[in-house]
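Chain by chain, the residues:
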Amino acid sequence: MEQLTEQLGQLKDWFKSLPQKEQWMVSGTALLIFITLFYLIVWEPVHVSLQTEKQKQQAQQEILIWMQQAAAEVRTLRASGNRSTVRDKNKPITLVIEQALKNAGLKPSVKKIESSGNNGARVTLNEASFNQVLVWLNTLSTHNDIQVVSANIERADKSGRANVRLSFERP
């Protein structure tokens, strides 16, 4: 500690021994260095963190809006989900599902369709239009009496798209 005090004293003496003009230059340079360090160490990290948090909040807001729209669409589909005549009762469930996928325009999104038992099937879709998936599920339920047993739906990278894994069963 004494050594630090001694070094500070020497620095003061050196500064006072400089001509007035050089004292101004040293003071200005020190102030510039201080401002630069403050900006780099304090201001910039805080500013960058704030921007990142704003972007995260915006992304969360977009997800919320997307989910609210999807929920409204689900409610609409449920309300219009009155049972009509069941068709294709005797066809294998995978064929019925595949035809319904084609009709809904979801064929390009199909990753896998596989049978699970006599009256069951599993389907995996990647980057599928969420709205088209809802219409497709409604069609399967109302026109083919095929019910979803389990569902895993995740938001895809593109807006309005979802990665979907579903298990179906026909009673």
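Before reading on, note that the structure itself is shown above.
The following paragraphs examine the structure supplied in this document. Model, not experiment: these values are computed from the prediction. (Residues numbered from 1 in each chain as written. Predicted model: local features only at pLDDT ≥ 70, side-chain atom pairs only at ≥ 80, totals over all residues. Heavy atoms only, no water.)

Considerations on the sheet that holds strand E2 (residues 120-129)
Stated precisely, the cut-off is as follows: By the convention used here, strands pair only if DSSP detects at least 2 bridges between them. Helix and strand assignments come from DSSP, with helices taken as H or I runs of at least 4 residues and strands as E runs of at least 2, each series counted from the N terminus. The angle between two axes is taken between their N-to-C directions and runs from 0 to 180 degrees, where each axis is a line fitted to C-alpha atoms and a helix contributes only its stretch in contact. Note on contacts: a residue pair qualifies if any of its non-hydrogen atoms lie within 4.5 Å across the two residues.
Strands sit in the order E1-E2-E4-E3 across an open sheet of four strands; the sheet is antiparallel. Each having just a single partner strand, strand E1 (110-115) and strand E3 (147-155) make up the two edges of the open sheet. This sheet shows a mean twist of 10° between the axes of neighbouring strands, independent of strand direction. Here eight bridges tie E2 to strand E4 (residues 161-169), and the two strands are oriented antiparallel to one another. Looking at E4, one finds that Arg122 is bridged to Ser167. With respect to the sheet, helix H3 (residues 93-104) is in contact with E1, E2 and E4, its orientation differing from that of E2 by roughly 15°.

What to know about H3
The condition that has to hold: Here the expected length of a helix is defined as 1.5 Å per residue gap, with one fewer gap than residues. Each residue gets one of three labels from its accessible area relative to the maximum for its type: buried under 20%, exposed over 50%, partly exposed in between, using a 1.4 Å probe on protein chains only. Note: the arc covers the axis-to-C-beta directions of the helix.
End to end, H3 covers 16 Å across 12 residues, agreeing with the expected 16 Å (1.5 Å per residue, within 8%). Every buried residue of H3 is accounted for by Ile93, Thr94, Val96, Ile97, Ala100, Leu101 and Ala104. One face of H3 carries all of its buried residues, which in axial projection span an arc of 160°. Of the exposed residues in H3, the ones pointing more than 90 degrees away from its buried face are Lys102 and Asn103.

Digging into the pairing of E2
A large share of E2 lies buried, amounting to seven of its 10 residues. Examined bridge by bridge, E1 and E2 share five bridges and lie antiparallel to one another. Each residue of the ladder has a partner; that of Ser115, found in E2, is Ala121. What sits between the antiparallel neighbours E1 and E2 is a turn of four residues, in which Gly117 has the positive phi angle 80°.

Focus on the pairing of E3
Bridging between E3 and E4 involves eight bridges; their strand directions are antiparallel. For Ser150, the partnering residue across the bridge sits in E4 and is Ser167. Counting the residues in the hairpin turn of E3 and E4 gives five residues, including Gly160, whose phi is positive at 80°.

Overview of the pattern of salt bridges
Threshold: Whenever Lys or Arg places a side-chain nitrogen within 4 Å of a carboxyl oxygen from Asp or Glu, that contact is recorded as a salt bridge.
In the structure shown here, the tally under the stated rule is three salt bridges. For the salt bridge of Glu53 with Lys56, the shortest nitrogen-to-oxygen distance reads 3.5 Å. Here Glu53 and its partner Lys56 are both found in helix H2 (residues 20-79), three residues apart, which amounts to about one turn of the helix. With a relative accessible area of 47%, Glu53 lands in the partly exposed category.

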